[in-house]
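# Residue-level structure breakdown
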Amino acid sequence: MAELTRDEVLVKISRKESLARADLSGLDLSGCDLAGADFRRAELDGTNLENARLLRADLTNASLREAFLAGADLTEARLEKADLEGANLKRAVLDGANLDRATLEGATLSEARLRGARLTGAQLDSADLGGANLESAVMSHAELIESYLGGANLSSAQLSNADLSSANLEEANFSGAVLDDAELSKARAPGAIFHNASMTRATLSGAQFVRANLVGADLRHARLESTEFAGAMLTGARLFGVSAAGVRLNEISAEWIDAGPDGGQKRVPGNDIMALLEGRLQPSATRYFGEGDVLRNAALEFGAGSSVEIDSRFENCTITLGDGTDLVIGHCGVLKDCQINGTGNVTVHGLFFERESPGIVGPRQFVVSSQGAVVGTVEQASQNTVFAFEPGCRLRMRIVRSRSQS
Amino acid sequence: MDGPKGKQTVVEEGTHFRGSLTSTCPIVVNGRIEGDIDTPGLFVSSTGSVKGRVKVGEVQSQGELEGEFDAESVRLAGRIKDKTVLRAKVLEVQLATEGSKMQVIFGETELAIGETPTDDLEAQRAKRSKKPGRPSDAPPIPEGTGG
Amino acid sequence: MAESASGYTQCTRCGARIDTTARFCVQCGAAVPGGSVGREIAKTQRTTGASRGQPPPPRSGGSRTGNTQVGTGRAASQRRTLQMDVGQALNAKAKPAPEPERAAASMSQALAEVTAAAPSPAPPEAQAAPIAAILDDIDSTFDNILQDPRKVSQESRPDDIEQAQALFRQITVAYIGPVRDFMIELRMGEPSKEWIQVCAPALASLGASAERMGLAPLATALGELRTALEAAEAGEATTFNESAREQLLAASHGLATLLPEAFAVDEERDRREPIIVRSLLCQVPGVRKVQLDKLYRAGLTSLSMYYVAKPAELAQTTGLALDLCEQIVRRFTRYKSMASIPPDPQRSNELAQLERLAERLTELNDAFERGGSAGVDKKRARQERGEVMLEISVILARLGEVGLVENLERFPFQRKVEALGAFIKKRRAADQTAAPFGTTKN
């Protein structure tokens, strides 16, 4: 039972006295102004704090089991290692609050606001976070097993190494969130949004991502065994190095996916996604022309989807690239008096000098890195070439339209 | 786009300036400028456009550029119209997915960025350890490479 | 005490609307300052034989007027007006009344509650005799009014009649509970015609008494509703058709105007229905926040909508999966069957259910507290606790205990269990002390 009455608590607060270690369990403190109060290690089990003001209050290590905090304002409050098991924080405001290593098992946080809150290592197993706003929250290493995050906003949240296994993520928004190394096995995420989310090395085995939006998501090295992606959107998703045995991809929407390991893109057309994920489409081996070699007066043609890297010196050569072929002129590569044709992706780390204009015709993508140099004319692809230039590159270059456009 | 801090000259959206504009402050263009510009910094927003001869320290653009630009550094997004010449020590164009706001659409453009490359890789590597030259030192595009 | 120009005021405890001449609040039983009564008034009720749900036993030699029995053979004492403040005379203090949601089961109960725990100092010896005489006088006056209004009009002052009428109105409000419950059910769903057996006798006896009391408009309104009820009984269907429903609702308007404190059914429905709907929905596996939002956004917020909803239409309107919609419709169909059966006046079935659920809640809470140490699946226990609470919420909402539902949400589980137990105990006790009020058919 509480050792103080409500009025006594308010008197102490008004005198700025500490309530650390006080036993206030079961007390009715609803609507009270407790901003900045010191409740460290206090006993607040079952306490009614409905609509209380607890801005910047210190509840570190406090016990708030089954406390009622609906609508309470805990902005920037300190709740590290607090025990909030079974507590009701419906519609509470916890923006910027610190709940590192707090226990929120079975707690109700539906429609709560936790923007920018810290929940590193927090225990949220079976918690109800339906409709909560966790934008930019830091939840790395948090445990959210079997939790409910339906309709929650976790855009730009940090969830690396978090455990969301068997969690219900229906229609949640994880846009731009970081879920690297996160555990999502058997999670259910129908209609969830993972647009541009980073999920490298995440485990999604047995999870359901039906109708999920994974456009631009980075799933490199993720585990996708038996993951259900029916109706999902995967355009631009990065899938290098995934293990995807038993993955289900019926009716997915994907114009292309990125099968590149890092840096520039390696686009794989939609038709080949299934084959790639199911392991039937092997990324083509890179043809490599090593440093010190010289090739003169040659015409080389590389098939669609292949990968070529040149660290040699090519003189007076013509290189024809198939659709989607990656041509990398390495740091040691020099192409002098050469010509490159075709709808491939050209990356220049070395040197390129054209033989005659235009020296590069129709690339889908043209990138010159900080070490690269180009002297010549680039005739764009019919649908405009994607250009990128890193600071430090050297150019004496003309860009002209595709002849089909002129 | 990282806008300038401190004093700046703003040509707001809906404003069309035609003439010669010289400023010791950076110029932010949300509208349109046609003419000669001399400024330490030129920031063109997605609604802005600049046409003319520009002498500038830093250019950041998400809008439209057309004409002749001599700059120290250039960061581009948006659109580069036909018959545009860009001379700079440093150029940055980020790789962007199709349709994103960072994508650059080039018209008929000449780029003269950094030192003149030579095919002597070793000499270049040695030279790169020194400071790069000024944009005004950049020679014109070699003949026979007209577009 | 907030007073209005219309002759009504507001109970300071529960906020219910009550007549300015009332002695106690019919909703919560709180004594009205300046109008508190002593136990002796309860004697008046027992003397009149008022009962709730059952006719009083016949008394030989007494005239039988509908459901009320009037004592005879009382010696008339010196005439006093009913305006005498007996409470003041007895120095009785009003004690805090019980839960505001529950109308007093009987006037005697309300009075007993008002005075029971309060330390009422014994009246000085010198006051006892005249006070007793006053109370006898009240009894006899009231008895006379009920027996023969003509006698009252001749022998009593006008304000005596007014007081008696006001008292009668309060009795009516207190005992018309089953009719009010029926009207709420009618607005929320499809009650069965069995309700007629419960409501018609109450309406008949109250109507007859109102007529004798000279409350003609009230008598007329009660009669109209009774007539509509009996007319609706025709036909083989077990529930009321649309036409009967509209007639009943129309017939209840008169009562709503005359007894707004008892017939604020729309407001009452608006308090109870959201809790019932939400609790039923949450009982369907797979319905969580996302699904609730979709259902509410589609405007599906009332029981009647779910009663007529078809799974395919529900799925199309809300975008929810068909099998989930089928489960939702099944859940509401089950509830509708249960809700269509009229409860007994003591609501004993519901109380029995509550008792069972409270026991189950205790078991689950104990299991949860023991947790993993006893090999108990805490997660399972937590989930089941939640499911039991949903069932409890539905029953409490049906009983009109919306405030209790809201309070339970605030309590930790141990306290929930205690609060439930206390409520059930109090309710049972109240029902046991309730004096019967005649509901037999004429």
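Residues numbered from 1 in each chain as written. Chains lettered and ligands numbered in written order. Predicted model: local features only at pLDDT ≥ 70, side-chain atom pairs only at ≥ 80, totals over all residues.

### Things to note about the overall build of chain A
Going by this rule: Helix and strand assignments follow DSSP, with helices taken as H or I runs no shorter than four residues and strands as E runs no shorter than two, numbered in order from the N terminus. We call a residue exposed when 12 or fewer other C-beta atoms sit within 10 Å of its C-beta, buried when the count reaches 20 or more, and partly exposed for counts in between; the C-beta positions come from the backbone. Contacts are defined on C-beta atoms placed from the backbone: any two residues whose C-beta positions lie within 7 Å are in contact.
What chain A contains, in helices and strands, is 2 helices and 17 strands. Out of the 406 residues belonging to chain A, those deemed buried represent 64%. Of the contacts made within chain A by residues no fewer than 6 positions apart, 5% connect residues no fewer than 24 positions apart.

### What about the environment of Leu-215 of chain C?
Residue and element names in this part refer to chain C. Inspection of the secondary structure assignment puts Leu-215 in the loop between α8 (195–212) and α9 (216–232). The class for Leu-215 is buried, based on 22 C-beta atoms found within 10 Å. Each residue touching Leu-215, except ones within four places of it in the same chain, is listed here: Gln-165, Phe-168 and Ala-210.

### Things to note about the environment of Arg-65 of chain A
All names here are of chain A. Locating Arg-65 in the fold gives a position in the loop between α1 (6–14) and β1 (256–258). What makes Arg-65 buried here is the crowd of 21 C-beta atoms within 10 Å. Along the chain, Arg-65 and Ala-107 lie 42 residues apart, while their C-alpha atoms are 8.9 Å from each other. Excluding residues within four positions of it along the chain, Arg-65 makes contact with Asp-45, Asp-83, Glu-85, Gly-86 and Ala-87.

### Considering the interface of chain A and chain B
To keep things clear, this is the line we draw: Amino acid classes used here: Ala, Val, Leu, Ile, Met, Phe, Trp, Tyr, Cys and Pro are nonpolar; Asp, Glu, Lys and Arg are charged; the rest, including Gly, are polar. Following DSSP output, two strands are said to pair if at least two bridges run between them.
Contact residues are listed per partner, giving 30 residues for chain A and 29 residues for chain B. Of all the secondary-structure elements, those providing two or more residues to the side of chain A that touches chain B are β10 (334–342), β12 (351–354), β15 (373–379), β16 (386–389) and β17 (394–400) of chain A. If one sorts the elements of the side of chain A that touches chain B by residue count, β17 of chain A sits on top with 7 residues. Across the side of chain A that touches chain B, the residue classes tally to 17 nonpolar, 6 polar and 7 charged. Of the strand pairs in this sheet, β17 of chain A and strand β10 (residues 109–113) of chain B are connected by 5 bridges, and their pairing is antiparallel. Along β10 of chain B, the bridge assignment pairs Leu-395 of chain A with Ile-113 of chain B.

### Examining the interface of chain A and chain C
Many authors give the size of an interface as the accessible area that is lost as the parts come together. Counting from both sides, the interface comprises 17 residues of chain A and, opposite them, 10 residues of chain C. Split by residue class, the side of chain A that touches chain C holds 2 nonpolar, 9 polar and 6 charged.

### Looking at α8 of chain C
All names here are of chain C. What counts, and what does not: Any helix carries an expected span of 1.5 Å times its number of residues minus one.
With 18 residues, α8 extends 26 Å between its outermost C-alpha atoms, agreeing within 8% with the 26 Å of an ideal straight helix rising 1.5 Å per residue. The buried fraction of α8 is high, at 14 of 18 residues. One or two residues past the end of α8 sits Gly-214, with phi positive at roughly 85°.

### Overview of the packing of α9 of chain C against helix α10 (residues 242–258) of chain C
Residues and elements named next belong to chain C. Note the threshold: Under this scheme, a helix contributes an axis fitted over its contacting stretch, all axes are lines through C-alpha atoms, and angles between N-to-C directions fall in the 0 to 180 degree range. The cut-offs work like this: below 35 degrees is roughly parallel, past 145 is roughly antiparallel, 65 to 115 is roughly perpendicular, and the gaps in between are oblique. Helix crossings fall into two classes, left-handed where the near helix is turned counterclockwise from the far one by less than a right angle and right-handed where it is turned clockwise.
Two numbers describe how α9 lies on α10: the axes approach to 9 Å, and their chain directions differ by 165°. By the angle between their directions, the pair α9 and α10 is classed as roughly antiparallel. When you trace α9 past α10, the crossing you get is left-handed. Along the contact surface, α9 presents Pro-217, Leu-218, Ala-221, Leu-222, Glu-224, Leu-225, Ala-228, Leu-229 and Ala-232, while α10 presents Ala-244, Gln-247, Leu-248, Ala-251, Ser-252, Gly-254, Leu-255 and Leu-258.

### A word on the packing of α8 of chain C against α9 of chain C
All names here are of chain C. Closest axis-to-axis distance for the α8/α9 pair is 8 Å, and the angle between their directions is 155°. Taken together, α8 and α9 sit at an angle that is classed as roughly antiparallel. Crossing handedness for the pair α8 and α9: left-handed. Of the residues in α9, those in contact with Ile-196, Cys-199, Ala-200, Leu-203, Ala-204, Leu-206, Gly-207, Ala-210 and Glu-211 of α8 are Ala-216, Leu-218, Ala-219, Leu-222, Gly-223, Leu-225, Arg-226, Leu-229 and Glu-230. For the contact of α8 with α9, the per-class residue count stands at 13 nonpolar, 2 polar and 3 charged.

### A few points about the confidence of the model for chain B
Residues and elements named next belong to chain B. Selection criterion: Residue-level confidence of the predictor is what pLDDT reports, using numbers from 0 through 100.
Chain-level pLDDT for chain B is 82 on average; 75% of the residues reach the 70-or-more range. Summarising per-element confidence for chain B, the mean pLDDT is lowest in helix α1 (residues 121–127) (66) and highest in β10 (96). Contacts of residues 131–147 to residues separated by more than four positions or lying in other chains number 34 contacts, the stretch itself having pLDDT below 50. Here the prediction assigns the complex a pTM of 0.59, and the interface score ipTM is 0.84.

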